[in-house]
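Coordinate inspection notes
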Amino acid sequence: MNHDGGVDDLVGLLLLLKMQDIELIGVGVTPADCYLQPAVDATRKILHIFGATGCEVAASCARGKNPFPKSWRQHAFYVDALPILNERAEVHTPIASVPAHEHLAHMLRQSDGKVTVVFTGPLTDLAAALTIDPDLAECIEELVWMGGCLDGDGNVHEPGFDGTAEWNAFWDPDAVSRVWQSDIPIVMFPLEATRNVPVTRSILRSWAQLRSCSREMEFVGQCYAICAPFCEFGPDTVYYFWDVLTVAYVGRPSLVELTPVQCIVHTDGPSEGRIAESTYGKMVQVAKAVRADKFYQYITGVLTSHINV
Ligand code: AGV
Ligand code: CA
């Protein structure tokens, strides 16, 4: 997994490491929707506390073209400071000695079979890994990526841009372009798919009831408290299970229906970062229909699997 330290990235990480049929073999952290140090620290603490100590964490040296808003990037500091992640003085999760793109290339090369790669932030490290090892596609089962938006109703509202892009693509559109030129099979979760799964007050309330018997639920509840101003109100300020849905697909593909779409990315101009249908583009599998009830059920089950609810 490679994530970019947002609240739902870190919840997605927890979900992935709790899945019984998934072996998590490495985590990269990209300084996009976060500050790097607290995001790396929070990642290592989550792996330690929730039981995946053997897995290495690699910090990215990626730099994006268009920076994320500072107020969002600060969320990683809040998660890293939560008491539930700080009861223990020592964190044993190993940190990789090389930057995340090199670590990714190395882990893929040394694995026996093909590996599924999940990106819940920009694709910069995958693009950089392809630059040092252009044949890396042969080691990748598929790329599952949260990013993009195909209907033009994006979430980037910055001066000089037309609002059609999604943030993970906008941070580094050239990386999307590089990955699109590869033979890697891609499953993409655009904003249209994630709009089916808002973070609602009612799901948070039902999880609060499980808090005292599940440390995972306690942690997730604390995490979404950080995003409370955005949960369920108003069309523009809603918070979604963007990355959590994307990760859930890896454990339970039947949660979504995929549709093949040929598309390209705009790498400059007012639509920079926009992913658009085009007969010249790469064929990717795009998540469309989402079984939202089954998704909420599935993630609640994984995060409470030890208490039989
Ligand atoms: O564009 C969605 C991506 C996801 O990977 N991120 C958040 C998720 O981690 C950027 C983003 C869009 N709106 C946001 C975001 C918001 N209101 N707060 C924080 N990040
Ligand atoms: Ca993210």
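Whatever comes next refers back to the structure up there.
The paragraphs below set out a description of the structure included in this document. Because the structure is a prediction, the values reported are computed rather than measured.

Next up on the list: the overall build of the chain. Across its full length, the chain carries 13 helices and nine strands. A compact globule built from 309 residues would reach a C-alpha radius of gyration of about 19 Å, and the chain, at 18 Å, matches this within 12%. Overall, the chain is about 55 × 45 × 35 Å in size when its C-alpha atoms are taken along their principal axes. With 309 residues in all, the chain has 58% of them scored as buried.

What follows covers the site of ligand 1. Taken together, 14 residues form the shell around ligand 1, and within it Asp-8, Asp-33, Asn-155, Glu-166 and Asp-243 come nearest. Contact between ligand 1 and Glu-166: an oxygen atom at 2.5 Å from a side-chain N or O atom of the residue. With respect to ligand 1, the side chain of Asn-168 contributes an N or O atom lying 3.0 Å from an oxygen atom. Surface burial for ligand 1 is 95%, taken as the share of its 430 Å² of free accessible area covered by protein chains. Considered class by class, the residues forming the shell around ligand 1 number six nonpolar, three polar and five charged.

Only Asp-4 (OD), Asp-9 (OD), Asp-9 (OD), Thr-120 (O) and Asp-243 (OD) from the protein coordinate the calcium ion (ligand 2), and they sit 2.3 to 2.6 Å from it. Positions of the donor residues of the calcium ion (ligand 2) along the chain correspond to the pattern D-x4-D-x110-T-x122-D. Residue Thr-120 is located in the loop between strand E4 (115–119) and helix H6 (124–132), and its partner Asp-243 is located in helix H12 (residues 242–251); the two are separated by 123 residues in the primary sequence. With respect to class, Thr-120 is no different from Asp-243; both count as buried.

A few words now on the pairing of strand E7 (residues 256–265). As judged from the seven bridges shared by E7 and strand E9 (residues 282–290), these two strands associate in the antiparallel manner. Residue Thr-259 lies in a different strand from E9, and its bridge partner there is Val-286. In this structure, E7 lies alongside strand E8 (residues 275–277), joined through three bridges in antiparallel fashion. When the sheet's bridge partners are listed, Val-265 is paired in E8 with Ile-275.

Once that is clear, we can look at the state of the cysteines. With the rule as written, the count across this model stands at zero disulfides. Free cysteine Cys-213: the closest other cysteine sulfur is in Cys-223, separated by 18 Å. The partly exposed category is assigned to Cys-213, whose relative accessible area is 40%.

By the secondary structure assignment, Leu-245 is in helix H12. Between the C-alpha atom of Leu-245 and that of Gln-110, which follows or precedes it by 135 residues, the distance is 28 Å. Excluding anything up to four places from it in sequence, Leu-245 contacts Phe-189, Ala-193, Thr-194, Val-197, Val-256, Val-290 and Phe-295.

So, on to the nonpolar core. Val-79, Phe-219, Tyr-224, Phe-241 and Phe-295 are the most contacted members of the largest nonpolar core, which has 72 residues in total. Those residues in contact with Phe-295, other than ones at most four positions away along the chain, are Val-197, Phe-241, Val-244, Leu-245, Ala-248 and Leu-255. Core analysis: the next-biggest nonpolar cluster, separate from the first, contains 32 residues, Ala-127, Ala-169, Ile-184 and Cys-263 among them.

Glancing now at the packing of helix H1 (residues 7–18) against helix H2 (residues 36–49). Packing of H1 against H2 leaves a shortest axis separation of 10 Å and a crossing angle of 25°. When the axis of H1 is compared with that of H2, the two are roughly parallel. Taken as a pair, H1 and H2 cross one another with a handedness that is right-handed. Between H1, through Leu-10, Leu-13, Leu-14 and Leu-17, and H2, the contact on the second element is made entirely by Ala-39, Ala-42, Thr-43, Ile-46 and Leu-47. For the contact of H1 with H2, the residue count by class is eight nonpolar, one polar and no charged.

Turning next to the environment of Leu-104. Among the structural elements, Leu-104 can be located in helix H5 (residues 100–110). Using a relative accessible area of 15% as the deciding quantity, one classes Leu-104 as buried. Linking Leu-104 and Ala-58, residues 46 residues apart in sequence, is a C-alpha distance of 8.6 Å. Setting aside residues up to four positions removed in sequence, Leu-104 forms contacts with Phe-119, Asp-125, Leu-126 and Ala-129.

Applying the stated rule across the entire model yields 17 aromatic pairs. Between Tyr-224 and Tyr-239, the ring centres sit 6.2 Å apart and the planes meet at 75°, which makes this aromatic pair edge-to-face. In this pair, Tyr-224 sits in helix H11 (residues 215–226) while Tyr-239 sits in the loop between H11 and H12, placing the two residues 15 residues apart along the sequence. With respect to class, Tyr-224 is no different from Tyr-239; both count as buried. Each member of the aromatic cluster is reached from another via a ring pair, and the members are Trp-207, Tyr-224, Tyr-239, Tyr-240, Phe-241, Trp-242, Phe-295 and Tyr-296. Above the ring of Tyr-35, the side-chain terminus of Arg-73 is found at 4.1 Å from the ring centroid.

About the cut-offs
Residues numbered from 1 in each chain as written. Chains lettered and ligands numbered in written order. Predicted model: local features only at pLDDT ≥ 70, side-chain atom pairs only at ≥ 80, totals over all residues. Heavy atoms only, no water. Helix = DSSP H or I, 4+ residues; strand = E, 2+ residues; numbered from the N terminus. Rg over C-alpha atoms; globule rule 2.2 N^0.38 Å. Buried < 20%, exposed > 50% of the residue type's maximum accessible area, 1.4 Å probe, protein only. Near = heavy atom within 4 Å. Polar contact = N/O pair within 3.5 Å; in protein donor to acceptor, adjacent residues only side chain to side chain. Areas by Shrake-Rupley, 256 points an atom, 1.4 Å probe, with all protein chains shown as cover. Nonpolar A, V, L, I, M, F, W, Y, C, P; charged D, E, K, R; others polar. Donors = N, O, S within 2.8 Å, 3.2 Å for Na, K, Ca; no water. Pairing = 2+ DSSP bridges. Disulfide = S-S within 2.5 Å. Contact = heavy atoms within 4.5 Å. Core = buried A, V, L, I, M, F, W, Y, C linked by side-chain atoms within 4.5 Å. Axes fitted to C-alpha atoms, helices over the stretch in contact; angles between N-to-C directions. Parallel < 35°, antiparallel > 145°, perpendicular 65-115°, else oblique. Left-handed = near helix turned anticlockwise from the far one by under 90°. Phe/Tyr/Trp six-rings, centres within 6.5 Å; stacked < 30°, edge-to-face > 60°. Lys NZ or Arg CZ within 6 Å of the ring centre and 35° of its normal.

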